[in-house]
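Reading the structure
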Amino acid sequence: GDSVTQMEGPVTLSEEAFLTINCTYTATGYPSLFWYVQYPGEGLQLLLKATKADDKGSNKGFEATYRKETTSFHLEKGSVQVSDSAVYFCALSVRSGGYQKVTFGTGTKLQVIP
Amino acid sequence: DGGITQSPKYLFRKEGQNVTLSCEQNLNHDAMYWYRQDPGQGLRLIYYSQIVNDFQKGDIAEGYSVSREKKESFPLTVTSAQKNPTAFYLCASSQRGQSTDTQYFGPGTRLTVL
């Protein structure tokens, strides 16, 4: 079946450090790929997405490129801020049985210290 | 503003009681979903609905029930048959027919069984 693997956290960085959160996937067909962010006690917010190979999703300084050859969708940010502290979920979406089935990774907690 | 609302934010239940979680969206989306989130885990799909008066079981439907009488509403009932109901519950919606069917999430309801 489909699956998403994320690096385990927590990831602790100093403010203005470079961020990479690794995400790899296994899927049948041609999935769309997503990064969601969850702040404490809240729901998931869409951060960025990519729908086909070599697409780059970007938002709020975060970027991720859909790499079909390595089945990866790593999240990067050049300079993190304390306000980026949250849990980040990688996800894939494929059409299955007439509906869009989403498979989530287990999440990576990011802690940014001043 | 368009969005998804869930109520209540916190819910406490005694063992043996049924409880209903509310989910309302004004995004005019056709599809709606219920997920369960446990600490340190990804999201697991409970039920989904693609159109009014139709819904399907997800991966962990046992002990839960839903209805979809209106396009904007998709309430979830946690029954006494659910053996471990304490969790964070997230509702989501998406627009059918779009290539990516991006899911958008509500703020969640935290259910605690006493």
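Up top is the structure.
In this report, the structure presented in the accompanying data block is examined. Please read these numbers as outputs of a predicted model, since none were measured by experiment.

Scoring rules and cut-offs
Residues numbered from 1 in each chain as written. Chains lettered and ligands numbered in written order. Predicted model: local features only at pLDDT ≥ 70, side-chain atom pairs only at ≥ 80, totals over all residues. Heavy atoms only, no water. Helix = DSSP H or I, 4+ residues; strand = E, 2+ residues; numbered from the N terminus. Rg over C-alpha atoms; globule rule 2.2 N^0.38 Å. Contact = heavy atoms within 4.5 Å. Lys, Arg positive; Asp, Glu negative; His and termini not counted. Charge placed at Lys NZ, Arg CZ, Asp CG, Glu CD. 1 Å grid on protein atoms, 1.4 Å probe; cavity = no way out; pocket = protein on both sides within 12 Å on 5 of 7 lines; lining within 4 Å. Points joined across faces, edges and corners; volume = space filled by probe spheres on them. Nonpolar A, V, L, I, M, F, W, Y, C, P; charged D, E, K, R; others polar. Buried < 20%, exposed > 50% of the residue type's maximum accessible area, 1.4 Å probe, protein only. Pairing = 2+ DSSP bridges. Salt bridge = Lys/Arg side-chain N within 4 Å of Asp/Glu carboxyl O. Core = buried A, V, L, I, M, F, W, Y, C linked by side-chain atoms within 4.5 Å. Axes fitted to C-alpha atoms, helices over the stretch in contact; angles between N-to-C directions.

1. Some thoughts on the overall build of chain B
From N to C terminus, chain B includes zero helices and eleven strands. Taken against the 2.2 N^0.38 rule, which gives 13 Å for 114 residues, the C-alpha radius of gyration of chain B at 13 Å falls within 12% of a compact globule. With the principal axes as the frame, chain B shows a C-alpha extent of 40 × 25 × 25 Å. The long-range fraction of contacts in chain B, counting pairs at least 24 apart against all pairs at least 6 apart in sequence, stands at 53%. Distance from the positive charge centre (12 side chains) to the negative charge centre (11 side chains) of chain B: 6 Å.

2. Notes on empty space enclosed by the protein
One water molecule sets the probe size; rolling that probe over the atoms shows where empty space is left. Per the stated rule, a full pass over the model turns up one cavity of 30 Å³ or more. Roughly 40 Å³ of internal volume is contained in the largest cavity. Together, ten residues line the largest cavity, and Ala31, Tyr33, Gln50, Arg96 and Asp101 of chain B are the ones closest to its centre. Broken down by secondary-structure element, the contributors of at least two residues to the lining of the largest cavity are strand S11 (99-104) of chain A together with strand S4 (31-37) of chain B. Tallied by class, residues from the lining of the largest cavity come to three nonpolar, four polar and three charged.

3. Section: the pairing of strand S12 (residues 108-113) of chain A
Residue and element names in this part refer to chain A. Residues Thr108, Leu110 and Val112 of S12 are buried on one face, while the alternating residues Lys109, Gln111 and Ile113, pointing to the opposite face, are not. Relative to S12, strand S2 (residues 11-14) is paired through four bridges, and the arrangement is parallel. Residue pairing across strands places Val11 opposite Leu110, the latter belonging to S12. Strand direction decides the pairing type here: strand S10 (residues 86-96) and S12, joined by three bridges, are antiparallel. Considered in S12, the bridge of Tyr88 is made with Thr108.

4. What to know about the pattern of salt bridges
Residues and elements named next belong to chain B. As enumerated under the stated definition, the model contains seven salt bridges over all chains in all. Between Asp38 and Arg36 there is a salt bridge, with the nearest N and O atoms lying 2.9 Å from each other. Arg36 gets classed as buried once you look at its relative accessible area, which sits at 4%. Arg44 is paired through a salt bridge with Asp38; the nearest N and O atoms lie 2.7 Å apart. Judged by relative accessible area, Asp38 falls into the buried class, the value being 10%. A network of salt bridges, in which partner residues are shared, links Arg36, Asp38 and Arg44.

5. Structural notes on the nonpolar core
Residues and elements named next belong to chain A. Grouped together as the largest cluster of nonpolar side chains are 26 residues, with contacts concentrated most on Trp35, Leu48, Phe73, Leu75 and Tyr88. Mapped onto this core, the elements with two or more residues apiece are S2, strand S3 (19-21), strand S4 (23-26), strand S5 (32-38), strand S6 (44-50), strand S8 (62-65), S10 and S12. It is S10 that contributes the most residues to this core, five residues altogether.

6. A closer look at the sheet that holds strand S9 (residues 75-77) of chain A
All names here are of chain A. Here we have four strands laid out as an open sheet, ordered S3-S9-S8-S7, and antiparallel in their pairing. Each edge of the open sheet carries a strand with a single partner, namely S3 and strand S7 (56-59). Sheet twist, expressed as the mean angle between neighbouring strand axes with direction ignored, is 15°. Where S8 meets S9, three bridges bridge the pair, whose relative direction is antiparallel. From the neighbouring strand, Glu63 faces S9, where its bridge partner is Glu76.

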